[in-house]
There are 2 protein chains.
Amino acid sequence: MERVLSNELSLHVGERIHMAGWMHRIRKLGSGMVFVHLRDRAGICQIVVESPEAVASIDGLLVESVVEVEGTVVAEPQAAGGYELHDPAFTVLARVTEALPFPISKPVINAHLDTFLDHAMVGLRAPAKQAIFRLSAAAAHGFRSVLDAKGFTEIATPKILGTASESGANVFAIDYFGKKAFLAQSPQFYKQIMVGVFERVYEVAPVFRAEPHQTIRHLNEYVSMDAEMGFIKDHTTVMAMLTDVIRGILSSLADHCGRELELLKVDMPLAPEMFPTVYFPEAQEWIFEHHGEDCRNEPDLAPQHEKWLGEWAKQTFDSDFLFVTGYPMVKRPFYTAPNPADPRYSNSFDLLFRGTELVTGGQRLNSFEDYAAALEARGMTQEAVASYIETFRFGMPPHGGFAIGLERFVMQLTGLANLREAALFPRDMERLAP
Amino acid sequence: MERVLSNELSLHVGERIHMAGWMHRIRKLGSGMVFVHLRDRAGICQIVVESPEAVASIDGLLVESVVEVEGTVVAEPQAAGGYELHDPAFTVLARVTEALPFPISKPVINAHLDTFLDHAMVGLRAPAKQAIFRLSAAAAHGFRSVLDAKGFTEIATPKILGTASESGANVFAIDYFGKKAFLAQSPQFYKQIMVGVFERVYEVAPVFRAEPHQTIRHLNEYVSMDAEMGFIKDHTTVMAMLTDVIRGILSSLADHCGRELELLKVDMPLAPEMFPTVYFPEAQEWIFEHHGEDCRNEPDLAPQHEKWLGEWAKQTFDSDFLFVTGYPMVKRPFYTAPNPADPRYSNSFDLLFRGTELVTGGQRLNSFEDYAAALEARGMTQEAVASYIETFRFGMPPHGGFAIGLERFVMQLTGLANLREAALFPRDMERLAP
């Protein structure tokens, strides 16, 4: 008999059907009757267990036991979903006899984050946790769909590098057959190289950051959704593309994840057709004027500054997103293109989402001479980035791109308190398991 | 003016349009006239440069220079594509003045593989190389689409592990903030854990194998397309799913990559609705009978054996795919489910594609007791895999899955001589750059 999923019961009223899943809740009544909530990949439905034989067949089973069940579909307005299963006959596929590390059938999991993460193998089965990662999958899907439709080609670039890429700092070292190698901090160099091949490329893949700090908004391994495109006017072309990507992801979530958004009580972000934009030195002026903090000589924004700017964008422009453009060249990597009108500032941007940096991007240098000069100015050698800069000897158009942190996006979207909750099995300085 | 791509010329006959791209070929005639082939992300078109001013404006430019060009679209049956651009006015975006390491506009690249890989930054721009990686992107896309439609959820599992996963052998060690960690050989443990959450999961991500050998069909980093599903009858449920996935990928390539398949002269594989299947010991018998080689006591098949079997499948069943089931338990990892009828053999399979192993998969153990026994039988401790086996205390259905090597698939599909040609920037024992 074909297996029926919990969201398909309405198609089988009065029929004898076959289901399978986890015993999510088991409620025994004084009368001897048992209500079982069966969880499968489509949701949860209720099974009414009345006959003494059926009750006996599940006696001793604890929640998360896996069963097959044959039963009759009955319309029951009081049941969640409107239907339930009666007269069940169970086959036990996996018997659980130990209590869970913490209950997972409550709306909120009552466990310390560390305890949860230690037992994520089971904790992730909680419906609200599932919902977070279904949103995450849908966001990655949305990213790819939007870019596929715009002529981008997906690429897979190496994560093991012979030299310590971009900054040289904060990279993990590997023993590579007795040689020293490094884990990629980002696909930056490769996605630029691939603009020379496909013009428009993207990659959704893990990146590795050996940053030795423990914060609620950093992980040492995360999923980066990277895009890079050629034949741009300047960074504003990239910002327009990013705006389309963000709006495309959001509408794809709205279309496909209604159940998850509702369960997590997500306030869908305000994402106008054009995101408001503020130029870095003007943002600093505004902070000084409105919050009295003088950061006008700082080369970067602090988290509190981003928070103020995010509030301002929301109040003034009805937008949960705000572009900050023109970060000082001294704080941007060597491949960053300067603002031709004022080369102290860059043709780069951050996109703040609800007052937290979500995306970094910008225009890159594209002539070999500019790379040679930029490296020299920073005391870097051409040898260290030889393959990369060879690309620029052989014709590269004006280009730029951006990188969205997938976990960061999901954290800000769903209002999680800690980025670790947006990764299935997060990695930080202390955590390497599960 | 909006940029027009090279495959859109037919929509603009007689109009003055704006294009941009790379000077793919530059052919000077005795008359002083110049034919430029302009390459953009959509293809190649011809520009006829006649006026002395226009000829002078591109004087000294070598191939791969990047230009914008304004010109008039003219129907010209003799031109590739049927249209060309006349009366061009060029703007140079990037001037190339050095010869390429090797020419990239010929149908076949005349460079040693090592030379090619050293300069892949430029070599990948060759149309036939581009086509390989467009097929690769489309294959990954097809894999995800088929599984999305079958209720699978995409997951992102960690690549940095605290313990040396599955086999313990052939893993790369990382310095993780002074602790020793390892790169994931596969998402095996995590995808099984996630069956407990979503029932059906997949991941397309890099895996890392520290295998110290140099062959034409191994890489030390590659893209693994992994799937895992619960509530199976046995490995045959997984094989049926895999068959749908392979057929789905192939039809998605046929639908979306006609130009690439033609350029690479790909013989589309024969992929019948049911792939033929042979049981491991019977395959050995067949090899003995038909090729005189007695491998009946061997625990595995050698590449030559796979080749013979592949030829047999093609001749006998008109299939480029062949399942070999029932590999001996001694050669399969500890989580493999045995064949209940003969526990020397496993409920696992390989899928051969044109006589080479493409996919490995099978049914896994799903009870904690079976894991405990399997670990003990192999002299492994439960501590080493503590988080993983905790999952099986808390209810896991019968499940199984498979992993397809993306590069291997593309190599076999397109008939490449070396797996390195199917990776943008391959990693082997000797190669860490570019």
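Residues numbered from 1 in each chain as written. Chains lettered and ligands numbered in written order. Predicted model: local features only at pLDDT ≥ 70, side-chain atom pairs only at ≥ 80, totals over all residues.

Caption draft 1: Structural context of the overall build of chain A. Per the secondary structure count, chain A includes 12 helices and 16 strands. Overall size of chain A, expressed as C-alpha extent along the three principal axes, is 85 × 55 × 40 Å. Out of the 434 residues in chain A, the part that is buried amounts to 48%. Expressed as a percentage of contacts within chain A between residues at least 6 apart in sequence, the contacts between residues at least 24 apart total 64%. (Helix = DSSP H or I, 4+ residues; strand = E, 2+ residues; numbered from the N terminus. Buried ≥ 20, exposed ≤ 12 C-beta atoms within 10 Å, placed from the backbone. Contact = placed C-beta atoms within 7 Å.)

Caption draft 2: Broad picture of the packing of helix H4 (residues 127-149) of chain B against helix H6 (residues 235-256) of chain B. Residue and element names in this part refer to chain B. The N-to-C vectors of H4 and H6 enclose an angle of 130 degrees; their axes lie 8 Å apart at closest approach. The orientation of H4 with respect to H6, classified from their angle, is oblique. In the packing of H4 onto H6, the handedness of the crossing is right-handed. Contacts from Leu-135, Ala-138, Ala-139, His-141, Gly-142, Phe-143, Ser-145, Val-146 and Leu-147 in H4 reach Asp-244, Val-245, Gly-248, Ile-249, Ser-252, Leu-253 and His-256 in H6. Split into classes, the residues belonging to the contact of H4 with H6 amount to nine nonpolar, six polar and one charged. (Axes fitted to C-alpha atoms, helices over the stretch in contact; angles between N-to-C directions. Parallel < 35°, antiparallel > 145°, perpendicular 65-115°, else oblique. Left-handed = near helix turned anticlockwise from the far one by under 90°. Nonpolar A, V, L, I, M, F, W, Y, C, P; charged D, E, K, R; others polar.)

Caption draft 3: Highlighting the relation of the copies chain B and chain A. Superposition record for chain B on chain A: RMSD 0.0 Å, screw rotation 180 degrees, translation along axis 0.0 Å. Taken together, the rotation angle and the small translation identify this as a two-fold axis. Considering only C-alpha atoms, the residue of chain B closest to the rotation axis is Ile174(B), which sits at 2.2 Å. Same-surface contact between copies: 100% of interface residues of chain B are shared with the interface of chain A. (Least-squares fit on C-alpha atoms with pLDDT ≥ 70 in both.)

Caption draft 4: Structural context of the sheet that holds strand S12 (residues 277-279) of chain B. Residues and elements named next belong to chain B. One open sheet holds the eight strands; their spatial order is S6-S10-S11-S16-S15-S14-S13-S12, and the pairing between them is mixed. Each edge of the open sheet is held by one strand with a lone partner, namely strand S6 (153-154) and S12. Sheet topology note: the strand S10 (residues 200-208)/strand S11 (residues 221-230) ladder contains nine bridges and is antiparallel. The residue of S11 that forms the bridge with Pro-206 is Val-223. Where helix H9 (residues 303-317) meets the sheet, its contacts fall on S12, strand S13 (321-325), strand S14 (348-353) and strand S15 (356-364), and the angle it forms with S13 comes to roughly 125 degrees. (Pairing = 2+ DSSP bridges.)

Caption draft 5: Region of the structure containing the interface of chain B and chain A. Contact residues are listed per partner, giving 72 residues for chain B and 72 residues for chain A. Of the residues assigned to the side of chain B that touches chain A, the class counts are 43 nonpolar, 13 polar and 16 charged.

Caption draft 6: Structural view of the domain arrangement of chain A. Taken domain by domain, chain A holds domain 1 (6-94) and domain 2 (127-422). Here the C-alpha centroids of domain 1 of chain A and domain 2 of chain A sit 47 Å apart. (Domains from an automatic or database assignment.)

Caption draft 7: Main features of the environment of Gln185(B). Its location among the elements puts Gln185(B) in the loop between strand S9 (179-183) and helix H5 (188-198). By C-beta crowding, Gln185(B) is classed as buried, having 23 other C-beta atoms within 10 Å.

Caption draft 8: Highlighting the sheet that holds strand S2 (residues 34-40) of chain B. Residues and elements named next belong to chain B. Strands sit in the order S1-S2-S3-S5-S4 around a closed barrel of five strands; the barrel is mixed. Put simply, the sheet's adjacent strands are angled 50 degrees from each other on average, direction ignored. Pairing of strand S4 (residues 66-75) with strand S5 (residues 83-94), which is carried by nine bridges, proceeds in the antiparallel orientation. Counterpart to Val-69 in the pairing with S5 is Phe-90.

Caption draft 9: Quick peek at the nonpolar core. Core analysis: the largest hydrophobic core is formed by 256 residues, its most contacted members being Ala139(A) and Ala139(B). If sequence neighbours within four positions are ignored, Ala139(A) has contacts with Ile249(A), Leu253(A), Leu406(A), Phe409(A) and Val410(A). (Core = buried A, V, L, I, M, F, W, Y, C linked by C-beta atoms within 7 Å.)

Caption draft 10: Structural detail: the environment of Arg125(B). Here Arg125(B) is to be found in the loop between helix H3 (120-123) and H4. For the pair Arg125(B) and His24(B), spaced 101 residues apart in sequence, the C-alpha to C-alpha distance is 9.4 Å.

Caption draft 11: Inspection of the pairing of strand S4 (residues 66-75) of chain A at higher detail. Sheet topology places strand S1 (residues 16-28) of chain A next to S4(A); seven bridges connect them, and they run antiparallel. Paired with Gly21(A) across the bridge in S4(A) is Val67(A).

Caption draft 12: Geometry of helix H9 (residues 303-317) of chain A. All names here are of chain A. Counted at 1.5 Å a residue, the expected span for H9 with its 15 residues is 21 Å, and the 21 Å between its end C-alpha atoms agrees. Taken together, the buried positions of H9 are His-305, Glu-306, Leu-309, Gly-310 and Ala-313. Buried positions in H9, seen along its axis, are confined to an arc of 135 degrees and lie on one side of it. Residues of H9 that are buried sit in contact with strand S12 (277-279), helix H8 (280-291), strand S13 (321-325), strand S14 (348-353) and strand S15 (356-364). Of the residues one or two after H9, Asp-318 is the one with positive phi, at around 50 degrees. (Expected span 1.5 Å × (residues − 1). Arc of directions from axis to C-beta.)

Caption draft 13: Structural detail: unusual backbone geometry. The peptide bond linking Ala433(A) to Pro434(A) adopts the cis configuration, its omega dihedral lying at -5 degrees. Position of Pro434(A) among the secondary structure elements: in the segment after helix H12 (406-414). Positioned with a positive phi, Glu199(A) is a non-glycine residue whose angle comes to about 70 degrees. Looking at where Glu199(A) falls in the secondary structure, it is placed in the loop between helix H5 (188-198) and strand S10 (200-208). Overall, the presence of 24 C-beta atoms within 10 Å leaves Glu199(A) in the buried class. Phi at Lys265(B) is positive, roughly 50 degrees, even though this residue is not glycine.

Caption draft 14: Layout of the environment of Phe102(B). Residues and elements named next belong to chain B. Residue placement: Phe-102 occurs in the loop between S5 and helix H2 (113-118). Judged by the 16 C-beta atoms lying within 10 Å of it, Phe-102 is partly exposed. C-alpha of Phe-102 to C-alpha of Tyr-190: the two residues are 88 residues apart in sequence and 44 Å apart in space.

Caption draft 15: Quick peek at the pairing of strand S16 (residues 399-405) of chain B. Residue and element names in this part refer to chain B. Most of S16 is tucked away, with six of its seven residues classed as buried. By the bridge criterion, six bridges tie S15 to S16 in an arrangement that is antiparallel. Paired with Gly-362 across the bridge in S16 is Gly-401.

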